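Chain residues, written in single-letter form:
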Amino acid sequence: MHNSSQLKNEFIKKWIQGLQIYCSSKKQMNLLERTKKIKLSADIALASAKHSATCWSKAIISEAKKDERNTILINNLSDPKMNFKCAHQNLACLKRIRSRKILKKSCDVGIKMKKMKPRRQVSNLATCIAKRLVKKRTQVLKRLVPGGESMDEYSIIKEALDYILSLRVQVDVMKNLVNATTNFE
Amino acid sequence: MSSRRSRQSSSGARISDDQIIQLISKLQQLLPGTRIQRSNKASASKVLQETCTYVRSLHREVDDLSDRLSQLLSTIDADSPEASIIRSLIM
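Residues numbered from 1 in each chain as written. Chains lettered and ligands numbered in written order. Predicted model: local features only at pLDDT ≥ 70, side-chain atom pairs only at ≥ 80, totals over all residues. Heavy atoms only, no water.

(A) Molecular detail of the overall build of chain A. Along its length, chain A carries seven helices and zero strands. When its helices and strands are written in sequence order, chain A yields α-α-α-α-α-α-α. For chain A, with 185 residues in total, the buried portion stands at 41%. The contacts in chain A between residues at least 6 apart in sequence include a share of 62% that link residues at least 24 apart. A total of about 11,500 Å² of accessible surface is found on chain A, and carbon and sulfur atoms cover 58% of it. (Helix = DSSP H or I, 4+ residues; strand = E, 2+ residues; numbered from the N terminus. Buried < 20%, exposed > 50% of the residue type's maximum accessible area, 1.4 Å probe, protein only. Contact = heavy atoms within 4.5 Å. Areas by Shrake-Rupley, 256 points an atom, 1.4 Å probe, with all protein chains shown as cover.)

So, in structure tokens, the structure goes:
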């Protein structure tokens, strides 16, 4: 798969860059700090390796930017142009979601009034339950995928697809590094 | 009220059911499953549930691996030729 090997190479490059930045700044770090820094640099490296092609990657970087300590890392790893775009896009996205929610609520009231009539068939009930289940699961997925809160059902599934593929790449690379390091002992 | 309802359904029709089904089946292919017979009948909610579980497990793996890596890097601070190789990689 051409895409995943390309992503892998980008990720490795950026992650090593990030680790080098941390190691050059402070020599003495306790275990917990080091773990956090390793994970953070891996996440940011993964997100920036996507070159702002996906929503979740932008969300990771904008979340990391909120902490001032991460500025050096982000400036070195990510593309500065993309950061301006994602803030603007998120706002427009949220507005869209909000107006859609208001529209949906007003429609639901009308639908509920119609449902008062007791002509319900079994198939309708089944699809109703199925839809509710799907909605519930989608809500959970929204919380898991970074930046998922401001997405509709269709986009969250698309983003989840891409996110899973990228997470796999991240896990692969980290596993290889851990194995290589373990074999040295 | 009926006009509002039709407006809602028309905005939903922009993303067809087929597209959603396609996405769900793609998700299904990604998920680690021992069953080779991943038929189309697997419900969307089940696929979504397994997706959530899979994402959570991937997150845990990343956390676990960063933990192990930081432990290994701290123990490898000795002056050995292997340590210098690793160090040259990331330091």
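On we go.
(B) Spatial organisation of the layout of surface pockets. Here the second largest pocket is characterised by a volume of approximately 480 Å³. Forming the boundary of the second largest pocket are 23 residues, of which A:A59, A:I60, A:E63, A:P146 and A:G147 lie nearest the centre. Mapped by element, the contributors of at least two residues to the lining of the second largest pocket are α2 (31-49), α3 (55-65), α5 (80-115) and α7 (153-183) of chain A together with α3 (44-75) of chain B. It is α3(A) that contributes the most residues to the lining of the second largest pocket, five residues altogether. Across the lining of the second largest pocket, the residue classes tally to 10 nonpolar, seven polar and six charged. (1 Å grid on protein atoms, 1.4 Å probe; cavity = no way out; pocket = protein on both sides within 12 Å on 5 of 7 lines; lining within 4 Å. Points joined across faces, edges and corners; volume = space filled by probe spheres on them. Nonpolar A, V, L, I, M, F, W, Y, C, P; charged D, E, K, R; others polar.)

(C) The arrangement of the pattern of salt bridges in detail. Applying the stated criterion across every chain yields a total of six salt bridges over all chains. A salt bridge links A:K39 to B:D63; the shortest N-O distance between them is 3.7 Å. Here A:K39, found in helix α2, pairs with B:D63, found in helix α3, and the two come from separate chains. Salt-bridge contacts for A:K50 lead to A:D162; the nearest nitrogen and oxygen are separated by 3.2 Å. Here A:D162 lies in helix α7 and A:K50 lies in the loop between α2 and α3, a separation of 112 residues in the sequence. Neither residue differs from the other here; A:K50 and A:D162 are each classed as buried. Each of A:K39, A:D43 and B:D63 takes part in salt bridges that share partners, so that together they form one network. (Salt bridge = Lys/Arg side-chain N within 4 Å of Asp/Glu carboxyl O.)

(D) Seen up close, helix α2 (residues 17-30) of chain B. Residue and element names in this part refer to chain B. Look at α2: 20 Å from first C-alpha to last across 14 residues, which is about the 20 Å you get at 1.5 Å a residue. Here α2 has its buried residues at L23, I24, L27, Q28 and L30. An end-on view of α2 places all buried positions within 160° of arc, on one side of the element. In α2, the exposed positions that point more than 90 degrees away from the buried face belong to D18, I21, Q22 and Q29. (Expected span 1.5 Å × (residues − 1). Arc of directions from axis to C-beta.)

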